[in-house]
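Structural overview for review
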Amino acid sequence: MSIAAGEDLPQAADIASGVMNAFGMEAEEMGRISDVMAASFTQTALDLNKFQYGMSKVAPVAKQVGMSIERTTGFLGTLIDANVDASTASAQLRNILITVKKEGISLSQAFDRIKNAQEPVTVATELFGKRAGPIASILANNTEKVDQLTKSFNNAEGAAKGMANTMQDNLQGDLDAARSAIEGLFIAAGDSQNSGLRGAVQGI
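Parameters and conventions
- Residues numbered from 1 in each chain as written.
- Predicted model: local features only at pLDDT ≥ 70, side-chain atom pairs only at ≥ 80, totals over all residues.
- Heavy atoms only, no water.
- Helix = DSSP H or I, 4+ residues; strand = E, 2+ residues; numbered from the N terminus.
- Expected span 1.5 Å × (residues − 1).
- Buried < 20%, exposed > 50% of the residue type's maximum accessible area, 1.4 Å probe, protein only.
- Arc of directions from axis to C-beta.
- Contact = heavy atoms within 4.5 Å.
- Polar contact = N/O pair within 3.5 Å; in protein donor to acceptor, adjacent residues only side chain to side chain.
- Axes fitted to C-alpha atoms, helices over the stretch in contact; angles between N-to-C directions.
- Parallel < 35°, antiparallel > 145°, perpendicular 65-115°, else oblique.
- Left-handed = near helix turned anticlockwise from the far one by under 90°.
- Nonpolar A, V, L, I, M, F, W, Y, C, P; charged D, E, K, R; others polar.

What about helix α9 (residues 143-154)?
Along an α-helix, residues three or four positions apart point the same way, because every turn accommodates 3.6 residues. The end-to-end C-alpha separation of α9 is 16 Å, in line with the 16 Å expected for 12 residues at 1.5 Å each. V146, L149, T150 and F153 are the residues of α9 that are buried. Buried residues along α9 cover an arc of 100 degrees about the axis, so they all sit on one side. Every exposed residue of α9 that faces more than 90 degrees away from the buried side is listed here: E144, Q148 and K151. Where α9 is buried, its residues touch α3 (30-43), α5 (69-81) and α8 (120-140).

Examining the side chain of T44
Tracing the backbone through its elements, the reader meets T44 in the loop between α3 and α4 (48-64). By relative accessible area, which is 9% here, T44 ends up buried. A distance of 2.7 Å separates the side chain of T44 from the backbone oxygen of S40, its partner in a polar contact. In terms of polar contacts, T44 uses its side chain to reach the backbone amide nitrogen of L46, at 3.1 Å. The residues contacting T44, other than those within four sequence positions of it, are G77, D81 and L149.

Observations regarding the packing of α4 against helix α6 (residues 86-103)
At a closest axis distance of 7 Å, the pairing of α4 and α6 adopts a crossing angle of 15 degrees. Judged on the interaxial angle alone, α6 and α4 are roughly parallel. Here α4 runs over α6; the crossing is right-handed. For the pair α4 and α6, the contacting residues are K50, Y53, G54, M55, S56, K57, V58, V61 and A62 in the first and A86, S87, S90, A91, L93, R94, L97 and I98 in the second. Partitioning the contact of α4 with α6 into residue classes produces 10 nonpolar, four polar and three charged.

Below you can see the structure in the form of structure tokens.
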């Protein structure tokens, strides 16, 4: 993921582990998270920073209402593609999920009400308020895109590795891979005080 996103290993690891914790996932699922992230970077306007901001407020609520990381990323990618900034997308998608849970309706029911209304913006505002209403209206008009992205992310296994292989197939990629390996060594040395790695690094 670090190589695929063109970012430092610690930053990529922090973001991925934060998402893992927010969704209550296990460490063994880190590959799944990385693949979903990589796929979203190639199929939408999301990047590492937008993904981080996009997940910041909505991920814990999405987990509570039983929404997967793939579905949540589909919603975020759709909003980012509609030129909604990541922070707004995160906050208002969270508010939409809270509202439908409180009202005892599903997202699809809410979106159907908006799409079938004579005044969609008015209905969206009545359902979700002035701030979340426009976001709900965007999603209501792009349900097929959300579904397509979700399906793609559900089948994203290997996306991070494939993206990294493409991006590192040059000298700069070799240098980035070496840098990530060294950063990984430093992390391992810091986490394993009795492993002998720290002494080896000091010796070097």
